[in-house]
Amino acid sequence: MELVSLDLAAHRLRDAQEALDAARADVELEAVAALRKGGAVDAICQRSGLNPHDLVRLEKLTGPIPLN
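This text gives an overview of the structure that appears in the document. (Residues numbered from 1 in each chain as written. Predicted model: local features only at pLDDT ≥ 70, side-chain atom pairs only at ≥ 80, totals over all residues. Heavy atoms only, no water.)

A few words now on the nonpolar core. Counting eight residues, the largest nonpolar core consists of Ala31, Val32, Leu35, Ile44, Cys45, Leu50, Leu55 and Leu58. If you list the elements that add at least two residues to this core, you get α1 (4-36), α2 (41-48) and α3 (52-61). Considering each element in turn, this core owes the most residues, three residues, to α1. Filtering out sequence-adjacent residues up to four positions away, Val32 remains in contact with Leu55, Leu58, Glu59, Thr62 and Ile65. (Core = buried A, V, L, I, M, F, W, Y, C linked by side-chain atoms within 4.5 Å. Buried < 20%, exposed > 50% of the residue type's maximum accessible area, 1.4 Å probe, protein only. Helix = DSSP H or I, 4+ residues; strand = E, 2+ residues; numbered from the N terminus. Contact = heavy atoms within 4.5 Å.)

Turning our attention to α2. Those residues of α2 lying buried are Ile44, Cys45 and Ser48. With its buried residues spanning 95 degrees around the axis, α2 presents them on a single face. Every exposed residue of α2 that faces more than 90 degrees away from the buried side is listed here: Asp42, Gln46 and Arg47. Considering only its buried residues, α2 is in contact with α1 and α3. Positioned one or two residues after α2, Gly49 has a phi angle of 85 degrees, which is positive. (Arc of directions from axis to C-beta.)

Two elements in contact, α1 and α2, have axes whose closest approach is 10 Å; the angle formed by their N-to-C orientations is 165 degrees. Considered as vectors, α1 and α2 are oriented roughly antiparallel to each other. Where α1 crosses over α2, the two elements pack in a sense that is right-handed. The segment α1 lies against α2, with Val27, Ala31, Ala34 and Leu35 engaging Val41, Ile44 and Ser48. For the contact of α1 with α2, the residue count by class is six nonpolar, one polar and no charged. (Axes fitted to C-alpha atoms, helices over the stretch in contact; angles between N-to-C directions. Parallel < 35°, antiparallel > 145°, perpendicular 65-115°, else oblique. Left-handed = near helix turned anticlockwise from the far one by under 90°. Nonpolar A, V, L, I, M, F, W, Y, C, P; charged D, E, K, R; others polar.)

Here it is in structure tokens:
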């Protein structure tokens, strides 16, 4: 039985999941940074897809954010 196509598809799926996780982490970090800079919760939530409860929870759990 030839499973090369399945192996390739599974590898692409793992890569896509890793990319999605990294993108989610980026959005969450940027949302927290925006909140700490005085951004409006509603505007941040609308752009990030986070709900206000999750945004505030993330802000409390996130340590210092290094400046670029």
